[in-house]
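# Survey of secondary and tertiary structure
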Amino acid sequence: AAWLGGGPFLRALGVQFVVWGVVDLILALSGERDRRRARLRGEEGDPVATERDRRRLVRLLWINVALDVLYLAVGTGLIVAGPDRVWAGHGVGVLVQGGFLLIFDAGHARAMRAPIPAD
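Residues numbered from 1 in each chain as written. Predicted model: local features only at pLDDT ≥ 70, side-chain atom pairs only at ≥ 80, totals over all residues. Heavy atoms only, no water.

Quick look at the pattern of salt bridges now. Across all of its chains, the model carries 10 salt bridges by this definition. Across the salt bridge formed by Arg-52 and Asp-53, the nearest N and O atoms sit 3.4 Å from each other. For Arg-52, a relative accessible area of 30% translates into the label partly exposed. What you see here is one network of salt bridges that share partners, running through Arg-41, Glu-43, Arg-52, Asp-53 and Arg-56. (Salt bridge = Lys/Arg side-chain N within 4 Å of Asp/Glu carboxyl O. Buried < 20%, exposed > 50% of the residue type's maximum accessible area, 1.4 Å probe, protein only.)

Written as structure tokens, this is what we have:
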């Protein structure tokens with residue numbers, strides 16, 4: 001709605017929300033594809049495969065935490081150095097998404113740091 005009906009700031013903010021939503025959708029579909037492939041390989045419920053996937057995911061989440069901090073810096077830069085409200089709208093959109101991702105990725109990584117019990 002912001003993309004379609006607002007002024008320059010809200011339109012830019014709305015564009016960011018749509019773009020990040022599409023990225024999130026692609027990531028979710030990729031995860032579902034990987035889950036199906038694991039099931040077809042007979043790895044669903046296999047403790048060794050599950051632990052391997054947990055370690056891989058935790059590593060990926062910590063890499064994402066570093067990227068999330070970069071998103072926050074970029075968003076701040078767009079707001080501070082941008083020449084107009086369009087840039088500020090994009091900056092706020094990046095800050096909202098980057099802030100959420102930082103909390104989500106770090107929390108998820110911390111929650112998954114312990115190995116999954118084999119039983």
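Bringing the packing of aromatic side chains into the picture now. A full pass over the atoms with the stated rule returns 2 aromatic pairs. Both rings, one in Trp-20 and one in Tyr-71, keep their centres 5.1 Å apart while their planes meet at 70°; by these two values the pair is edge-to-face. Here Trp-20 is found in helix H2 (residues 8-40), whereas its partner Tyr-71 is found in helix H3 (residues 47-81), with 51 residues between them in sequence. A relative accessible area of 13% means that Trp-20 is categorised as buried. Since its relative accessible area comes to 24%, Tyr-71 is described here as partly exposed. Relative to Phe-104, the ring of Phe-100 lies with its centre 5.7 Å away and its plane at 20°, an arrangement referred to as stacked. One end of the pair, Phe-100, and the other, Phe-104, are both in helix H4 (residues 85-111), 4 residues apart, so they sit about a helical turn from each other. Take Phe-100: its relative accessible area is 49%, and that puts it in the partly exposed class. Owing to a relative accessible area of 42%, Phe-104 belongs among the partly exposed residues under this scheme. (Phe/Tyr/Trp six-rings, centres within 6.5 Å; stacked < 30°, edge-to-face > 60°. Helix = DSSP H or I, 4+ residues; strand = E, 2+ residues; numbered from the N terminus.)

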